[in-house]
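One-letter residues, chain by chain:
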Amino acid sequence: MGRVIQFSDVHFGCEHVRAVAAAVDYAHAEPHDLVLITGDITQRGLPEEFAAAGEWIRAMPQPVFVTVGNHDVPYWDVTARLFWPWRAFERATGHPAHDHEFRSPDLMVRGVTTARGWQARLNWSKGVIDLDQTRRAAEALRRAPRGALRILACHHPLIEMIGAPMTGEVKRGEAAALIFAEAGVDLITTGHVHTPFALNVDLSDRCSYAVGCGTLSRRERGAPPGFNRIDWDEREMVVTSVIWTGQRFADDQVWRLPRRRAAAAST
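1. Observations concerning the pairing of strand 7 (residues 187-190)
So, step 1. Burial along strand 7 is two-sided: the residues Leu187 and Thr189 and Ile188 and Thr190 are all buried.
So, step 2. As paired elements, strand 6 (residues 149-153) and strand 7 share three bridges and run parallel to each other. Paired with Ile151 across the strands is Leu187, a residue of strand 7.
So, step 3. For strand 7 and strand 9 (residues 209-212), the ladder comprises four bridges, and the chain directions are parallel. By the bridge assignment, Thr189 is partnered in strand 9 with Val211.

Okay, structure coming up:
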């Protein structure tokens, strides 16, 4: 058995203060293999927001893995947006924006950046994925230890969730999802839409899944603040959305997802 606790879209600057504090307590109380944070740790990329986010991340039990989101760009600093969009993120978190990797005997996580400081379309909040970076990540995940859970972590969903409150509109997203599915990635974990979900990626062998996480901010979109708990064994992955009730965290929706070898054995 293994466990990952996935947080996303904390948006320091408009964080849900009580839920954010309780999340640290939850992570310390629950045995797990990794705390995974899939982007948007700040609201406007301001220095004080990064300082608060960095302090929160350092309060988490190790190991921690953090990816960048579209809000993790200095919002008002045009020069930084153009030339070093992730410098403040990397300084605050101590995590690289590109080609980030975590590996243990039972788990491998690789990060891919889908956010951009700017791009050639009006809505810069949408996603873009580089296929060269995708192929590097996929090849690294192919080499994960035998039997280990393989997770790709990025901010924007590569496959859109029908009925979600917003879209990622990731350029080259479906092509990247196919590359990851063919590489045997188990889970593509994301944030951005502030709504938890677990969907089959209907590509390749159909044994890869897209897992979206809720928010720990006050920017709710039809779902209370929350996060995901991801448990796995050799046969299945169980994704549980954990929500803030106003007083504590409680389990909510549960998705049971068969792993690749188990699915093949049943056919």
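2. Remarks on the nonpolar core
Generally speaking, soluble globular proteins have nonpolar side chains that are buried together.
So, step 1. Counting residues in hydrophobic clusters, the biggest one holds 34 residues, and the most contacted among them are Phe7, Ile37, Trp56, Met60, Leu216 and Phe249.
So, step 2. When residues of this core are traced back to their parent elements, those giving at least two are strand 1 (2-7), helix 1 (17-29), strand 2 (34-38), helix 2 (47-59), strand 3 (64-67), helix 4 (87-93) and strand 11 (236-244).
So, step 3. Per-element tally for this core: the top contributor is helix 1, with seven residues.
So, step 4. If near-sequence neighbours (up to four positions away) are discounted, Phe7 is found in contact with Ala23, Val35, Leu36, Ile37, Thr38, Trp56, Met60, Cys213, Leu216 and Phe227.
So, step 5. In this structure, Leu131, Ile179, Phe180 and Val193 belong to the second largest nonpolar core, which totals 26 residues.

3. Thoughts on the pattern of salt bridges
So, step 1. Enumeration over the complete set of coordinates arrives at 16 salt bridges.
So, step 2. Close ionic contact of Arg110 with Glu101 constitutes a salt bridge, the shortest N to O distance being 2.6 Å.
So, step 3. In this structure Arg110 comes out as buried when scored by relative accessible area, which is 9%.
So, step 4. Arg259 is the salt-bridge partner of Asp186, the closest N and O atoms lying 3.8 Å from each other. Placement of Asp186 in the loop between helix 6 (173-182) and strand 7 and of Arg259 in the loop between strand 12 (249-258) and helix 7 (260-265) is noted, with a sequence separation of 73 residues between them.
So, step 5. Bridged by salt links that share partners, the residues Arg3, Glu30, Arg229, Asp231 and Asp251 form one connected network.

4. Side note on the sheet that holds strand 8 (residues 197-200)
Sheet strands associate in pairs through backbone hydrogen bonding, adopting either a parallel or an antiparallel arrangement.
So, step 1. Strand order across the open sheet formed by six strands is 4-5-6-7-9-8, with mixed pairing between neighbours. Edge positions in the open sheet fall to strand 4 (101-104) and strand 8, since each of these has one partner strand only. Strand after strand, the sheet turns through a mean of 20° between neighbouring axes, direction not considered.
So, step 2. Relative to strand 5 (residues 107-111), strand 4 runs antiparallel, the two sharing four bridges. Paired with Arg103 across the two strands is Met108, which belongs to strand 5.
So, step 3. Contacting strand 4, strand 5 and strand 6, helix 5 (residues 131-142) runs over the sheet at an angle of about 175° to strand 5.

5. Quick look at the sheet that holds strand 1
So, step 1. Across the sheet, six strands lie side by side as 3-2-1-10-11-12; this open sheet has mixed pairing. Two strands close off the open sheet at either side, each with one partner strand: strand 3 and strand 12. Direction aside, the axes of adjacent strands within the sheet are offset by 20° on average.
So, step 2. Pairing geometry for strand 10 (residues 226-232) and strand 11, over seven bridges, is antiparallel. Residue pairing across strands places Arg229 opposite Thr240, the latter belonging to strand 11.

Cut-offs and rules
- Residues numbered from 1 in each chain as written.
- Predicted model: local features only at pLDDT ≥ 70, side-chain atom pairs only at ≥ 80, totals over all residues.
- Heavy atoms only, no water.
- Buried < 20%, exposed > 50% of the residue type's maximum accessible area, 1.4 Å probe, protein only.
- Helix = DSSP H or I, 4+ residues; strand = E, 2+ residues; numbered from the N terminus.
- Pairing = 2+ DSSP bridges.
- Core = buried A, V, L, I, M, F, W, Y, C linked by side-chain atoms within 4.5 Å.
- Contact = heavy atoms within 4.5 Å.
- Salt bridge = Lys/Arg side-chain N within 4 Å of Asp/Glu carboxyl O.
- Axes fitted to C-alpha atoms, helices over the stretch in contact; angles between N-to-C directions.

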